[in-house]
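# Secondary and tertiary structure notes
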Amino acid sequence: MDALIPEKHLTCHEQALLEGIKNDPTSLQDVILEHEHTGNIDKDHVDDIIGTVMISLVSKILIYLNEFRRGLDLYGLPALIQANSDLCKHLFVRGEGGKAPDANYLLSCLMPNYSEDGSSRRAVEEQMVDHFQDLLISLEDDEQVTGYTEALAWNAILDIANTEGNDKETGSYQSPDLTPAGVLGWLTGQKHVPINEDNLKIHVDFDHDCWLLEHVAEMLLCQLNT
């Protein structure tokens, strides 16, 4: 339940329904009962009511998606989509005509929280952002950049579609997506322009007192002294 976020997992209509329940649950008693809430319906129990309704809404969505997946299975489309994800993505993701976000888009989303102008910390922070910009541009221009390879723990697509689970081991491996879109996915959880076309904002904080960096510096000094 804690993982369910209305703004992320529910439609605008469903969010409005939850807001109405929060403001006046008794006026939506019939709707609440339709979502199988069996407890008291009043403002003192509004959190329990909203939790039940959210679970009901998401459960129905999963049922619809599973039915949709079974329909696709009849034509072998899931395997086709999985094998050609880049070609098929624009059919399901809106924004930029299906084009993956580039380095310029990702940089435009950054909202650095800089230190005071003219301070030494500000100079370091601006230098870090410049280095990050250079990295993104190099990832965009150089297709030969690769990362480490690790075994897949589970098949995300099959796990979503098959509610019964799949315990069969596979020999699949994956490596990090070292592209601007992959970095965007690492930072935000999505590799595409927001579906609602909102301006994406990535707030950047700078930790000048990072314990890890100090620890690494101490280790380097010890090695140099020895």
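Criteria and thresholds
- For every chain, the first residue of the written sequence is number 1, and numbering continues from 1 along that sequence.
- Only residues with pLDDT of 70 or above have their local features reported here, since the model is predicted, and side-chain atom pairs are shown and tallied only from 80 upward, although totals for entire chains, interfaces and linings are computed over all residues.
- The side-chain numbers reported here are obtained from all heavy atoms of the structure, hydrogens and water having been left aside.
- Numbering of helices and strands starts at the N terminus; helices are DSSP runs of H or I of at least 4 residues and strands are runs of E of at least 2.
- Summary of the burial criterion: residues with accessible area below 20% of their type's maximum are buried, those above 50% are exposed, and those between are partly exposed, where the area comes from a 1.4 Å probe applied to protein chains only.
- Note on areas: Shrake-Rupley, 1.4 Å probe, and residue coverage restricted to the protein chains presented here.
- Joining through side-chain atoms within 4.5 Å is the link that ties buried Ala, Val, Leu, Ile, Met, Phe, Trp, Tyr and Cys residues into a set, and such a set is a nonpolar core.
- Any pair of residues with heavy atoms lying within 4.5 Å of one another is described as a contacting pair.
- Any Lys or Arg side-chain nitrogen found within 4 Å of a carboxyl oxygen on Asp or Glu counts as a salt bridge.
- Patch membership requires over 30% relative accessible area and the absence of a salt bridge. Like charges are linked within 9 Å, and nonpolar side chains (Val, Leu, Ile, Met, Phe, Trp, Tyr) within 5 Å.
- Think of it this way: a Phe, Tyr or Trp ring, Trp meaning its six-membered ring, pairs with another when their centres are within 6.5 Å, and the plane angle makes it stacked under 30 degrees, edge-to-face over 60, tilted otherwise.
- The pocket and cavity definitions rest on a 1 Å grid over protein atoms only: a 1.4 Å probe that fits but cannot leave marks a cavity, an open set with protein on both sides within 12 Å along at least five of seven lines marks a pocket, and residues lining either have an atom within 4 Å of a point.
- Grid points are joined across faces, edges and corners, and a volume is the space filled by probe spheres set on the points.
- Note on residue categories: nonpolar means Ala, Val, Leu, Ile, Met, Phe, Trp, Tyr, Cys or Pro, charged means Asp, Glu, Lys or Arg, and polar means any other residue, Gly included.
- Given a helix with a known number of residues, its expected span is that number minus one, times 1.5 Å.
- Starting at the helix axis, one direction is taken to each C-beta atom, and the arc is that of these directions.

To continue, consider the overall build of the protein chain. Each helix and strand in the protein chain was counted, giving 11 helices and 4 strands. Sorting the 226 residues of the protein chain into buried and exposed places 22% on the buried side. As presented, the protein chain carries roughly 16800 Å² of accessible surface, and 53% of it is formed by carbon and sulfur atoms.

Here the focus is the nonpolar core. Ranked by size, the top nonpolar core spans 13 residues in total, and within it Leu10, Leu18, Ile21, Ile49, Ile50 and Val53 carry the most contacts. Counting residues per element, the ones that place at least two in this core are helix H2 (12-23) and helix H4 (46-73). Among residues more than four places away in sequence, those in contact with Ile21 are Leu28, Ile32, Val46, Ile49, Ile50 and Val53.

This part is about the pattern of salt bridges. Enumeration over the complete set of coordinates arrives at 3 salt bridges. The residue Asp73 makes a salt bridge to Arg69 at a minimum N-O spacing of 3.4 Å. With Asp73 and Arg69 both in helix H4, this residue pair falls 4 residues apart, about one helical turn. Take Arg69: its relative accessible area is 16%, and that puts it in the buried class. Ionic pairing is found between Arg122 and Glu126, a salt bridge with its closest N-O pair at 2.9 Å. Note that Arg122 and Glu126 are positioned in helix H8 (residues 120-141) at a spacing of 4 residues, about one turn of the helix. Overall, the relative accessible area of 18% leaves Arg122 in the buried class. Its relative accessible area of 33% is what places Glu126 among the partly exposed residues.

A separate point is the environment of Asp177. Tracing the backbone shows Asp177 in the loop between strand E3 (173-174) and helix H10 (180-188). Put simply, Asp177 and Lys191 are 14 residues apart on the chain and 9.9 Å apart in space, counted from C-alpha to C-alpha. If we ignore the near neighbours within four places in the chain, the residues touching Asp177 are Gly182, Val183 and Lys191.

Before going further, it helps to examine a nonpolar patch on the surface. A grouping of Leu74, Tyr75, Leu77 and Leu80 is seen on the molecular surface, where their side chains present a nonpolar patch of about 480 Å² in accessible area. When you line up the elements, Leu80 lands in helix H5 (residues 77-83).

We note that Glu36 has phi near 70°; this positive angle belongs to a residue other than glycine. Within the fold, Glu36 resides in the loop between helix H3 (29-34) and H4.

Any aromatic ring pair is given by two values, namely how distant the centres are and how the planes are angled relative to each other. In this structure the tally under the stated criterion is 1 aromatic pair. Judged by centre distance (5.8 Å) and plane angle (15°), the ring pair of Tyr114 and Phe206 falls under stacked. Taken as a pair, Tyr114 in the loop between strand E1 (110-112) and H8 and Phe206 in the loop between strand E4 (202-204) and helix H11 (211-225) lie far apart in primary sequence, 92 residues in all. A relative accessible area of 31% means that Tyr114 is categorised as partly exposed. Residue Phe206 is classed as buried on the basis of its relative accessible area, which comes to 17%.

The calculated volume of the second largest pocket comes to roughly 320 Å³. Lining of the second largest pocket is provided by 14 residues; of these, Met128, Val129, Val204, Asp205 and Phe206 occupy positions nearest its centre. Broken down by secondary-structure element, the contributors of at least two residues to the lining of the second largest pocket are E1 and H8. Counting residues per element, the lining of the second largest pocket draws most heavily on H8, which supplies 4 residues. Residue composition of the lining of the second largest pocket, grouped by class: 11 nonpolar, 1 polar and 2 charged.

Taking 1.5 Å per residue, 12 residues should reach 16 Å; H2 reaches 17 Å between its end C-alpha atoms and fits that length. When H2 is considered as a whole, its buried residues turn out to be Glu14, Leu17, Leu18 and Ile21. Buried residues along H2 cover an arc of 95° about the axis, so they all sit on one side. Exposed side of H2, more than 90 degrees from the buried face: Cys12 and His13 are the residues found there.

As far as function goes, none of this settles anything; it's purely spatial.
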